[in-house]
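# Coordinate analysis (summary)
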Amino acid sequence: MTSRRGFLVAVADTGRAAVGAPRPARWLLVAWVICLLAAVPAGAPRVAAPAGGGMTAARLTALFDDYGDTSGRWNGADRTASVRLPDGRLLWLFSDTFLGPVNPDGSRPRTAPFVNNSAVVQQADQLGETVHGGTAEDPRALVPAATAGEFHWVGDATVAGDTLQVLVNRYRRTGASPLDHALLGTALATFALPALTPTGLRPLPLDARVSWGSALLRDGGHTYVYGTESAGEARFAHLARVPGDDLTGRWEFWTGAGWSTDDRASTRVLSGVGTSYGVQRVDGRYVLVTQESNLVFSADLVAYSADAPTGPFTGPDYLRRAPETDAGHLVYDADLHPDLARPGKLLVSYNVNDVDDAVTYADAGVYRPRFVEVDWPRRRPDRADLPPVPSALTARPGAAGTAELDWPPVRADDELRYQVHRRDVSAGQTHFVRIGEPASEPRFSADFLVNGHDYEFRVTTVGRRGESGPSPVARMTATVPPPPPPGGLRAVPGRAGDVGLHWAPVPFVQLYRVQQRDLSTGERTTVGTFTGTRATVELLRHARTYEFTVVAVGGGGDSPPSVPVRATAVVTPPAAPAGLVAAAQSDGTVRLTWRTLGRGVSYRVYRRDLTTGAPVHPPAVEAGAGHLARHLEHGHEYEFTVSAVNGGGEGARSTPVRARARFTAPATAPRDLRAEAEAEAGSVELTWRSSVPGGWHRVYRRDVTAGETDLTEDPIPTQGTRAVVAGLRNGHEYEFRVAAMNQAGAGPPSEPVRATPRLPTPTGLTASAAGTGEARLSWRSAGPGLAYRVQLRDVTAGEGWRTDPYPVRDTRHTAVLLTGGHDYQFRVVATDGTDDGTPTAPVGVRVR
C-alpha cells in the first residue's frame, strides 16, 4: 500500500525478564510521512467544544472517526499537522490519504482513491471541507510533483500575512516496494488565503540529508524550523530558524555553538525523534514531544525538555503508551496541537498503520489519527519518597546474542520492580531508553541487539511513589549471530493481482524481508520489509507465476532465504465504472466524469451518434476518471459508455448516458489584429489574439480604393490566429476584420485594420551597350510568378519615358533598334498582369 512510510529496517528490544514468558514487541514506524484545487464539502456530526476552551483528545479522535466513516470524501490519512488560519478556521494537513466512502462493514474499498497529501478544514468543532487537487471524481495531490515517480509528504505549516506556507519534502521511488523511497529535498508550497488557492511550489536550496518541517515553533523574533536526519537505524533532530514568520526569509542553522547560513553545518540536537514531532513553549521552557525512536517499534510517546529551542534536551518523560501495537499495528508521527489544547495539558496526536495492506483495507479505522492528552508540566515526586537506587550493575554477552544483566537487590518496605534502560552508543543515541517491562527479579536478559554495537545499560527501581535515579552504567559490546531462515512459508493468491504470504515466526526477529521472482522473465524484486509473519504482495501480472522467499532480519544480519513457494496471480477484470455523467459544453464538446476505480486501471470511452445512427466510435483511452469528447456535430445527440481495463482485461461497460452537442457562437471579439503586406505580391498577413487561439476564425475584407462599402467573407475559415489573404490588387488599400466561429456561427468581429499590398521593386538593374543599336539589361528577381516591364527614354533626343509593349518573364532583356551614339536611360517594374509596381532607379548607357 503506497500509504506506508519508509519503515526503518531495524528491530525492537523487548527485553526478556529472567522470570516469566517473553514479553511482546513494541512497535514504531520511523520514517517520513507525508492542476486545480478541489474543495469538496462533506458533513460530519458536530462535536460540542468542552467548557473552558480547547477540545478533549477523546472528542477529536471520535470526530475524525465519524468524519472518516460518514463524510464520503476522506476515510484515512497520516502525518496530522494543524495550523490556525487568520479567519479562525483550523487546517489539518495530511500526507498519504485515502478518499471516498467506506463500505457498510467499515472496510476500505480497494478502489478508494489515494493521494500523497491533502487537507481538511475545521470550523469551530466541525470538520468541513476535504481539500485536494484534481476533481472529486479524479482527485490528485494537493501539492503535486512535477516528475513521474516523485511525490511530496507534508511537514508543518505557518501563516505569513495572507499566505499559508507549507513545508513539504519530495521523495522518489527507488524500487518496487512502497517502502523503497529516497528523500530528494525540501520545498515551500504556498496558498492564498482564505480560498486556499495554490500559488507556488518553491524548492529550497537545502541538502537532502535532513527532511525539514518536522515541527515549527514561533518564538520571540524567529520561527524555528525543526527537521529530521535519518542515519541508518537512528533519527536525529536538527534546527534552523528564519526571522519573523515568513519562511521565504534567510535561513540559519544551529551548529551546536551558534548559527550558520550553511545548512551543511547543521548539527544533531537530539536522537530518538520521529520524522514528525511537536515543539511547544510552556511556562518558559520548551517541550519536544515525539514517538520514541531510540527504540525501534516502540509504542511510547515521550517528551524532552530544554531551556532554549536549541537544547540541550533532558528526558525522556514517558507520556503514554499507544495500545494499538498490541494488535500488531504500527504507531508513528507524534505531533502537538496547542491551538486546540485545554489549559494545563499537551494535546498529542499520533498515527496508526499496518505494514500489511490487507489489514488497513479490512478496517478503515486503523489508518486514522489518534489523540491523547497529558498534564504538563509534569508533577515531580519528592526525592525522599522515591525507592533506593540500585548500587551496581553488570552486563555480559549471552549465548543467543543477548545482554545478560544483573544487580544487587534493593531492600525496601515496598513492592519493588526494576526498569532497565539502554543506550546504543554506536548508533549515536543521545539518551537512554526504557527496554522491556519492569522486572520483579534483579536480573534481565536484553535482546534484539545489533552485532558489534557498543551498549550502555543502567537500571532503576520502580515503587508505588515513583522511579528512582539510575544505577551506575554497565557497558558491553554485542555479539549477535544471524537468525535461521523462516519456515512454513505459504502463498495464497487473491483475485486482484495479490498474493497473501504467511510464515512461522523466528525467535528474536521482528522484521522480515520478502522477495519475489517472476518466472516468466526471471526478474527478482524485493517486495518490502514486514514486521509480522504475514504480507500481501500486490500489483502482480495476471496469469504469471511468481516465486516467493522470506529472509529474517536480525541484529546479527540476514538469515538465509526460506524455502521458496510459488503462486500464480489472478487479476479479475474491474467492475463497470459508476457515476458516469455527461455535461455538454458551450464549445460543442461533452465532458464526461465518473468515479475512479483506483490504481492500475485505465478506461475506454465509447460514443455513438444517435442522430445519424452511425456505429459506435472507436474507444478513446484515458488514464484517469475523465474525458472530453471533441469533434462532435452541432445539435446531434450522443450516447456514451465507459469500461475499465486492468491486467485481467476489460470489464463491463457502464450504464450509458446521453448528451446533445451544442455550440454557442463565440461571445468575445478577437483583439490586437495586425495587418502586414507580404513580400509576395497581392497578399497581406493577418495576426491576432483570440479567446480560442486554436479555434476557427472568419476573415472579412473590403477594397477601400475600389470604393467597396461592405465587407466580404473569405469562403474558407482559418484555424489559429494567423492568416495570409492572397489575390489582392496591388496598390489598393484594404480593410480587414476577423471573428471567432464554430458550428453555431461567427462571433463579434474585431476592430478593423488596413493594409496596402504592393508589388516589389526589382533590384540590381544594370545596362551595357551590346551590338549596333542594342543595349543589354539585367536585374535580380523580385519574386516568383512575376513578369517585368522595361521602360526607356532617349535622353539625347529629349524623349519622355515609354514602356516596351511586351512583358519580360526573365530577368534579362536586350533593347534593339536604338539610335547609335545616343544616351538612353532604362528602368524596370514588376507586374502581375493587372497592376504595375514601382520602377527601379534609372540606369544609363550610350548606344554604339
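Here's what I pulled together on the structure shown here. (Residues numbered from 1 in each chain as written. Predicted model: local features only at pLDDT ≥ 70, side-chain atom pairs only at ≥ 80, totals over all residues. Heavy atoms only, no water.)

### Here we look at the overall build of the protein chain
When helices and strands are counted, the protein chain shows two helices and 67 strands. For the protein chain, the C-alpha radius of gyration of 40 Å lies well beyond 29 Å, the compact-globule estimate for 848 residues. Based on the C-alpha atoms only, the size of the protein chain along its principal axes is roughly 145 × 65 × 60 Å. Per-residue burial over the protein chain gives 53% buried out of 848 residues. As displayed, the protein chain has an accessible area near 35,800 Å², and 49% of this comes from carbon and sulfur atoms. (Helix = DSSP H or I, 4+ residues; strand = E, 2+ residues; numbered from the N terminus. Rg over C-alpha atoms; globule rule 2.2 N^0.38 Å. Buried < 20%, exposed > 50% of the residue type's maximum accessible area, 1.4 Å probe, protein only. Areas by Shrake-Rupley, 256 points an atom, 1.4 Å probe, with all protein chains shown as cover.)

### A look at the packing of aromatic side chains
Per the counting criterion, the structure on display carries 29 aromatic pairs. A centroid spacing of 5.3 Å and a plane angle of 65° characterise the contact between tryptophan 594 and tyrosine 603, whose relative ring orientation is edge-to-face. Residue tyrosine 603 is classed as buried on the basis of its relative accessible area of 1%. When the centroid spacing of 5.5 Å and the interplanar angle of 65° are considered together, the rings of tryptophan 779 and tyrosine 788 count as edge-to-face. The class of tryptophan 779 is buried, set by a relative accessible area of 5%. (Phe/Tyr/Trp six-rings, centres within 6.5 Å; stacked < 30°, edge-to-face > 60°.)

### With respect to helix α1 (residues 57-70)
An ideal rise of 1.5 Å per residue puts 20 Å on 14 residues; α1 measures up with 20 Å between its terminal C-alpha atoms. Along α1, the residues that are buried comprise Ala57, Leu60, Thr61, Leu63, Phe64, Tyr67 and Gly68. On an axial view of α1, the arc spanned by its buried residues comes to 155°, and they lie on one face. Backbone geometry just downstream of α1 places glycine 72 in the positive-phi region, at approximately 75°. (Expected span 1.5 Å × (residues − 1). Arc of directions from axis to C-beta.)

### Structural notes on the environment of phenylalanine 253
Turning to its location among the elements, phenylalanine 253 is positioned in strand β18 (residues 252-254). Look at phenylalanine 253 and you get buried, because its relative accessible area is 1%.

### Some thoughts on the pattern of salt bridges
Counting across every chain of the model gives 47 salt bridges. For glutamate 252, the salt bridge identified is with arginine 241, shortest N-O distance 2.8 Å. With a gap of eleven residues between them, glutamate 252 in strand β18 and arginine 241 in strand β17 (residues 234-243) connect regions that are remote in the sequence. Neither residue differs from the other here; glutamate 252 and arginine 241 are each classed as buried. What emerges from the salt-bridge pattern is a single network uniting Arg702, Glu733, Glu735 and Arg754. (Salt bridge = Lys/Arg side-chain N within 4 Å of Asp/Glu carboxyl O.)

### Considering the sheet that holds strand β57 (residues 722-725)
Taken in spatial order, the three strands make up an open sheet running β52-β53-β57, and their pairing is antiparallel. Two strands in the sheet have a free side with no partner beyond their single neighbour: β52 (671-677) and β57. Each strand of the sheet is rotated relative to its neighbour by a mean of 20°, with strand direction disregarded. As paired elements, strand β53 (residues 684-689) and β57 share four bridges and run antiparallel to each other. From the neighbouring strand, threonine 687 faces β57, where its bridge partner is arginine 722. (Pairing = 2+ DSSP bridges. Axes fitted to C-alpha atoms, helices over the stretch in contact; angles between N-to-C directions.)

### A short note on the layout of surface pockets
Taken as a whole, the largest pocket holds about 970 Å³ of empty space. Contributing elements (two or more residues each) for the lining of the largest pocket: β24 (314-321), β33 (454-463) and β34 (466-467). Empty space within the second largest pocket amounts to approximately 840 Å³. Considering the residues around the second largest pocket, the lining is formed by 26 residues, among which Phe114, Val115, Asn116, Arg140 and Arg599 are closest to the centre. Those elements that place two or more of their residues in the lining of the second largest pocket are β7 (114-115), β10 (139-140) and β11 (150-160). (1 Å grid on protein atoms, 1.4 Å probe; cavity = no way out; pocket = protein on both sides within 12 Å on 5 of 7 lines; lining within 4 Å. Points joined across faces, edges and corners; volume = space filled by probe spheres on them.)

### Considering the environment of threonine 596
Along the chain, the position of threonine 596 falls in the loop between β45 (590-593) and β46 (602-609). In the structure, threonine 596 is positioned 40 residues away from glycine 556 in sequence and 46 Å away in space, judged by C-alpha atoms. What threonine 596 contacts, discounting residues up to four positions off in sequence, is Thr111, Pro113, Glu137, Pro139, Tyr603 and Ala625. Among the polar contacts listed, one links the side chain of threonine 596 to the backbone nitrogen of glycine 598, at a separation of 3.1 Å. Within polar-contact distance, the side chain of threonine 596 engages the side chain of tyrosine 603 at 3.5 Å. (Contact = heavy atoms within 4.5 Å. Polar contact = N/O pair within 3.5 Å; in protein donor to acceptor, adjacent residues only side chain to side chain.)

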